[in-house]
Amino acid sequence: RNLFVHWLADFRKMLVGRCGTKGGYRRENTRSTFLRCSQGMAQKYAVVPKRLVHLANSVLDTAQRMRKFVPHGSAVLAQVDALVGLLQAG
């Protein structure tokens, strides 16, 4: 869990940094964005980028499936929506 939280913080920094650059911004698919962030994290830590991509895809899939079971208007739904929005922002 701590590994994913750290990866998510790096992913958010990468997205914010990319938005601040000048020039043309080309939208990438989710997997390639996850892979770029995971490769950056693999340079600092002993992790396998492919497994981090799989973990991020699993979290995104689980959050999307779980969304329909959470009551509308609840705080948990807002948190799940924020997580899904962040992961799909790539």
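Summarised in this report is the structure supplied together with it. From a predicted model like this one, the values you see are computed outputs, not experimental measurements.

1. Considerations on the packing of helix α2 (residues 30-44) against helix α3 (residues 49-66)
Part 1: Two elements in contact, α2 and α3, have axes separated by 8 Å at closest approach and are oriented at 135°. Accordingly, the angle class assigned to the pair α2 and α3 is oblique. α2 and α3 meet at a crossing whose hand is right-handed. For the pair α2 and α3, the contacting residues are Thr30, Arg31, Phe34, Leu35, Ser38, Gln39, Met41 and Ala42 in the first and Pro49, Leu52, Val53, Ala56, Asn57 and Leu60 in the second.
Part 2: Within the contact of α2 with α3, the residues separate by chemical class into nine nonpolar, four polar and one charged.

2. Let's talk about the pattern of salt bridges
Part 1: Per the stated rule, a full pass over the model turns up three salt bridges.
Part 2: Between Asp10 and Lys44 there is a salt bridge; the shortest N-O distance is 3.6 Å. With Asp10 in helix α1 (residues 2-19) and Lys44 in helix α2, this residue pair connects regions lying 34 residues apart in the sequence.
Part 3: Note on Lys44: relative accessible area 54%, which makes it exposed.

Calculation criteria
Residues numbered from 1 in each chain as written. Predicted model: local features only at pLDDT ≥ 70, side-chain atom pairs only at ≥ 80, totals over all residues. Heavy atoms only, no water. Axes fitted to C-alpha atoms, helices over the stretch in contact; angles between N-to-C directions. Helix = DSSP H or I, 4+ residues; strand = E, 2+ residues; numbered from the N terminus. Parallel < 35°, antiparallel > 145°, perpendicular 65-115°, else oblique. Left-handed = near helix turned anticlockwise from the far one by under 90°. Contact = heavy atoms within 4.5 Å. Nonpolar A, V, L, I, M, F, W, Y, C, P; charged D, E, K, R; others polar. Salt bridge = Lys/Arg side-chain N within 4 Å of Asp/Glu carboxyl O. Buried < 20%, exposed > 50% of the residue type's maximum accessible area, 1.4 Å probe, protein only.

Don't take any of this as a statement about function, it's just geometry.
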